[in-house]
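# Examining the three-dimensional arrangement
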Protein chains: 2
Amino acid sequence: MTGKRVLAAGKFDILHLGHLAYLEQAKTLAGENGELVVIIALDKIIEKERGAPPVFPQEQRRRLVEALGFVDKALLGLDTEDHAEIVIQTRPDIIALGYDQYTNLEHLEQRISEMGLKTKIVRLEKIIADGLNSSTSIRKRIIDFYKENGSPQ
Amino acid sequence: MTGKRVLAAGKFDILHLGHLAYLEQAKTLAGENGELVVIIALDKIIEKERGAPPVFPQEQRRRLVEALGFVDKALLGLDTEDHAEIVIQTRPDIIALGYDQYTNLEHLEQRISEMGLKTKIVRLEKIIADGLNSSTSIRKRIIDFYKENGSPQ
């Protein structure tokens, strides 16, 4: 069986073990000689979604994710909330959705079918990663520490 | 020419492009088929050195660094400030010192020579990495943002 192209996506702002668990699972779906392509959310999309900019600008997040051994390519996302667009552009065999990633599945499946693509959507399981594995808890840890201990030097 | 074993070291707390630049330079020194081994500073050594714990505990930092494509192995450091000890244990051909990493070079060279090792110490150049490339500036960015905008959700 030849490898597949798997698409994963996210913000990846401050890398942590939750990101690794997600991307490693996604890479497994690609099989031998498969390819994992990761889409990095644009700064402006993140700001719109959560009302706060990322810590790391998009090109820095892209380069860090691409430096991971099991990532074959990391690309900046598109300036649209329609996730079908990047799927149509990159034509993956599989879309790996993290356990906490939401998108309009019905719309996505419809667009995929309209375009004649055979892309499958796979919802990954939550892996109980030990340790800090959400960006929110990491930011909170940094802020709480400095509230008690003053500014960073 | 066969590849060499290169030793790099650091805290690697919140990965950024400065870390990548350092480790990529270190890997280049290893040559073809060479091996880059990265030593991750223990939490207790960091706390002693700067009076603050790292954001990520040591095993999480180790796993993130080891996930980088050009890192062959990441090991936790030793509970000592004598950097010669880990060099004697890992017997590298080259020690890659970052431009901002300080150690007692005279002592290190003496111990290396006493042990009959041929390890060379190479001081890497500062690469002007664009963007956020120091842990201090990253922490400051997170804190400043939340001071103005309230707690993370």
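One numbering rule holds for all chains: residues counted from 1, following each sequence as written. Chains and ligands are labelled sequentially in the order written, the chains with letters from A and the ligands with numbers from 1. Note on the predicted model: pLDDT of at least 70 is required for a residue's local features to be given, and 80 or more for side-chain atom pairs to be given and counted; whole-chain, interface and lining totals, by contrast, use all residues. Just so you know, side-chain values use all the structure's heavy atoms and leave hydrogens and water out.

What follows covers the overall build of chain A. The secondary structure listing takes helices from DSSP runs of H or I that are at least 4 residues long and strands from runs of E that are at least 2 residues long, numbered from the N terminus. Counting its secondary structure elements, chain A contains six helices and five strands. The order of helices and strands in chain A, counted from the N terminus, is β-α-β-α-α-β-α-β-α-β-α. Relative accessible area decides the class of each residue, using a 1.4 Å probe on protein chains only: under 20% of the type maximum gives buried, over 50% gives exposed, and in between gives partly exposed. Buried residues in chain A amount to 46% of all 153 residues. Residue contacts are counted whenever heavy atoms from the two residues lie within 4.5 Å of one another. In chain A, the proportion of contacts linking residues at least 24 apart, taken out of those at least 6 apart, comes to 72%. Only the protein chains shown count as cover for residues, and the accessible areas themselves come from Shrake-Rupley with a 1.4 Å probe. Surface exposure of chain A reaches about 8000 Å², of which carbon and sulfur atoms provide 48%.

Turning our eyes to something else, we now look at the sheet that holds strand 2 (residues 35-40) of chain B. All names here are of chain B. One bridge is not enough; two strands pair if DSSP finds at least two bridges between them. Strand order in the open sheet made by the five strands is 3-2-1-4-5, with parallel pairing throughout. Two strands close off the open sheet at either side, each with one partner strand: strand 3 (73-76) and strand 5 (120-123). Averaged over all pairs of adjacent strands, the angle between their axes in this sheet comes to 25 degrees, without regard to strand direction. Pairing of strand 1 (residues 5-10) with strand 4 (residues 94-97) involves two bridges; the strand directions are parallel. Each bridged residue has a counterpart across the sheet, and for Val6 the counterpart in strand 4 is Ile94. To obtain an axis, a line is fitted to C-alpha atoms, over the contacting stretch when the element is a helix, and the angle between two such axes runs from 0 to 180 degrees between their N-to-C directions.

Looking now at the pattern of salt bridges. All names here are of chain B. Whenever a carboxyl oxygen of Asp or Glu lies within 4 Å of a side-chain nitrogen of Lys or Arg, that contact is scored as a salt bridge. The full count for this structure, using the stated rule, is 26 salt bridges over all chains. Of the charged contacts, one joins Lys11 and Glu49 as a salt bridge, the two residues approaching to 3.6 Å between their closest N and O atoms. Of this pair, Lys11 sits in the loop between strand 1 and helix 1 (17-30) while Glu49 sits in helix 2 (residues 43-50); the two residues are 38 residues apart in sequence, bridging distant segments of the chain. Lys11 sits in the partly exposed class, given a relative accessible area of 30%.

Turning next to helix 3 (residues 58-66) of chain A. For helix 3 of chain A, the full list of buried residues reads A:Gln60, A:Arg61, A:Arg62, A:Leu64 and A:Val65. Tucked into the core, helix 3 of chain A has its buried residues touching helix 1 (17-30), strand 2 (35-40), helix 2 (43-50) and strand 3 (73-76) of chain A together with helix 1 of chain B.

Right, let's talk about the pairing of strand 4 (residues 94-97) of chain A for a bit. Side chains on a regular strand alternate between the two faces of the sheet. Residues and elements named next belong to chain A. Because side chains alternate across strand 4, one face comprises the buried residues Ile94 and Ala96, and the other comprises Ile95 and Leu97, equally buried. Two strands pair when backbone bridges link them, and strand 4 and strand 5 (residues 120-123) are joined in this way by four bridges, in the parallel orientation. Residue pairing for strand 5: Ile94 is matched across the bridge by Lys120. By convention, orient the strands away from the viewer: a clockwise path from the first strand over the helix to the second makes the crossover right-handed. Between strand 4 and its parallel partner strand 5, the chain crosses via helix 5 (residues 105-114), and the hand of that crossover is right-handed.

So, on to unusual backbone geometry. Positive phi outside glycine occurs at A:Asn33, with the angle close to 65 degrees. Among the secondary structure elements, A:Asn33 is positioned in the loop between helix 1 and strand 2. The backbone phi angle of B:Arg91 is positive, close to 45 degrees, even though this residue is not glycine. Its place among the elements puts B:Arg91 in the loop between helix 4 (84-90) and strand 4. Take B:Arg91: its relative accessible area is 49%, and that puts it in the partly exposed class.

Another aspect to go through is the nonpolar core. Only buried residues count toward a nonpolar core, which is a set of Ala, Val, Leu, Ile, Met, Phe, Trp, Tyr and Cys residues joined through side-chain atoms within 4.5 Å. Ranked by internal contacts, the top residues of the largest apolar core, which has 46 residues, are A:Leu23 and B:Leu23. Residues within four places of A:Leu23 in sequence aside, it is in contact with A:Ala8, A:Phe12, A:Leu36, A:Val38, A:Val65, A:Leu68, A:Phe70 and A:Val71.

Shape descriptors only; they carry no functional weight alone.
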